[in-house]
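Structural features, examined
Below, each chain spelled out in residue letters.
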Amino acid sequence: MTHEPVELVIFDCDGVLVDSERIYCRVDREVFATLGAEFTEAEMVEHFVGSSHELLTSILEERIGRPLEPGWGAPFRQRYEDALDAELTAVEGVTDVLDALPLPYCLASNGSHASIRKNLTRTGLLDRFEGRMFSARDVSRGKPAPDLFLHAAATMGVPPKRCAVVEDSPYGIQAARAAGMRAFGYCGGLSLAERLAGPRTVVFEHMRELPGLLGTGL
């Protein structure tokens, strides 16, 4: 089967460019327990890796059995900032990948623009994505809806069928497929390979594999 050539690579941020998901999951679990919701480590990965804030809130409200006030997370924000300041690094090999990539690329994340900029700044990656960062706040629906990826592709002037998405969560892979884009599922973080596998998707474990995979297509 032949494929359209890839003309744009769209990277997720958390867990793909920056190794933040382990930090978020640990602090999330502490915060959720404070609110009266207990989750196992496996549940944290299944429900929250790659989720939008809206989806996270709805799952949390269901577990605790009551609605949360708007802005409920504000009192806990400094916990996340302190942990990220102390621990956040770029995903192993991703800087080499960006250097080697002979294709235009951008970023599309369910995170806010503020959190994207902070995490890229912490890891020295901000300059590489300046002017090419897209947030779920830019569209009506975040991942797993396709809106964010379609918005990124339209802004970058590339048809969806010529875009490749690099994701580490089932929500992101689902969004890529719904957008009609090829998906590359990175399983070197928290998500298991089998949760990323499926149609029009290549699953890989080491970020340095990516340029070769993109060059050979699917």
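What counts as what
- Residues numbered from 1 in each chain as written.
- Predicted model: local features only at pLDDT ≥ 70, side-chain atom pairs only at ≥ 80, totals over all residues.
- Heavy atoms only, no water.
- Helix = DSSP H or I, 4+ residues; strand = E, 2+ residues; numbered from the N terminus.
- Rg over C-alpha atoms; globule rule 2.2 N^0.38 Å.
- Buried < 20%, exposed > 50% of the residue type's maximum accessible area, 1.4 Å probe, protein only.
- Contact = heavy atoms within 4.5 Å.
- Areas by Shrake-Rupley, 256 points an atom, 1.4 Å probe, with all protein chains shown as cover.
- Lys, Arg positive; Asp, Glu negative; His and termini not counted.
- Charge placed at Lys NZ, Arg CZ, Asp CG, Glu CD.
- Pairing = 2+ DSSP bridges.
- Axes fitted to C-alpha atoms, helices over the stretch in contact; angles between N-to-C directions.
- Core = buried A, V, L, I, M, F, W, Y, C linked by side-chain atoms within 4.5 Å.

1. Quick look at the overall build of the chain
Helix and strand content of the chain: eleven helices and six strands. For the chain, the C-alpha radius of gyration of 17 Å lies close to 17 Å, the compact-globule estimate for 218 residues. Overall, the chain is about 50 × 30 × 30 Å in size when its C-alpha atoms are taken along their principal axes. Per-residue burial for the chain yields a buried fraction of 50% across its 218 residues. Taking all contacts inside the chain whose residues are at least 6 apart in sequence as the whole, residues at least 24 apart take part in 65%. When the accessible area of the chain is evaluated, it comes to approximately 10,000 Å², of which 52% is carbon and sulfur surface. Of the charged side chains in the chain, 22 are positive and 32 negative, and the gap between their average positions amounts to 4 Å.

2. Focus on helix 8 (residues 147-156)
Taken as a whole, helix 8 has its buried residues at Asp-147, Leu-148, Phe-149, Ala-152 and Ala-153. Phi turns positive, to about 75 degrees, at Gly-157, one or two residues after helix 8.

3. Quick notes on unusual backbone geometry
In this structure, Pro-144 follows Lys-143 across a cis peptide bond, with omega equal to 20 degrees. A positive phi is found at Arg-200, a non-glycine position, where the angle reads about 55 degrees. Residue placement: Arg-200 occurs in the loop between helix 10 (193-196) and strand 6 (201-204). On the accessibility criterion, Arg-200 (37% relative accessible area) is partly exposed.

4. Quick notes on the sheet that holds strand 5 (residues 182-186)
Spatially, 3-2-1-4-5-6 is the arrangement adopted by the six strands of the open sheet, whose pairing is parallel. Either end of the sheet is taken by a strand with one partner, and the two such strands are strand 3 (133-135) and strand 6. This sheet shows a mean twist of 20 degrees between the axes of neighbouring strands, independent of strand direction. In this structure, strand 4 (residues 163-167) lies alongside strand 5, joined through four bridges in parallel fashion. The partner of Ala-164 across the bridge, within strand 5, is Arg-182. Relative to the sheet, helix 6 (residues 113-122) contacts strand 2 (105-109) and strand 3, its axis offset from that of strand 3 by approximately 140 degrees.

5. Examining the nonpolar core
With 54 residues, the main nonpolar core has Phe-11, Phe-32 and Leu-120 as its most contacted residues. Tallying contributions element by element places helix 1 (residues 21-34) first for this core, with six residues. If we skip the residues at most four places from it in the chain, Leu-120 touches Cys-13, Leu-17, Val-18, Leu-107, Leu-125, Leu-126, Phe-129 and Met-133. Cys-106, Ala-108, Val-139 and Cys-163 belong to the second largest nonpolar core, which has 22 residues in total.

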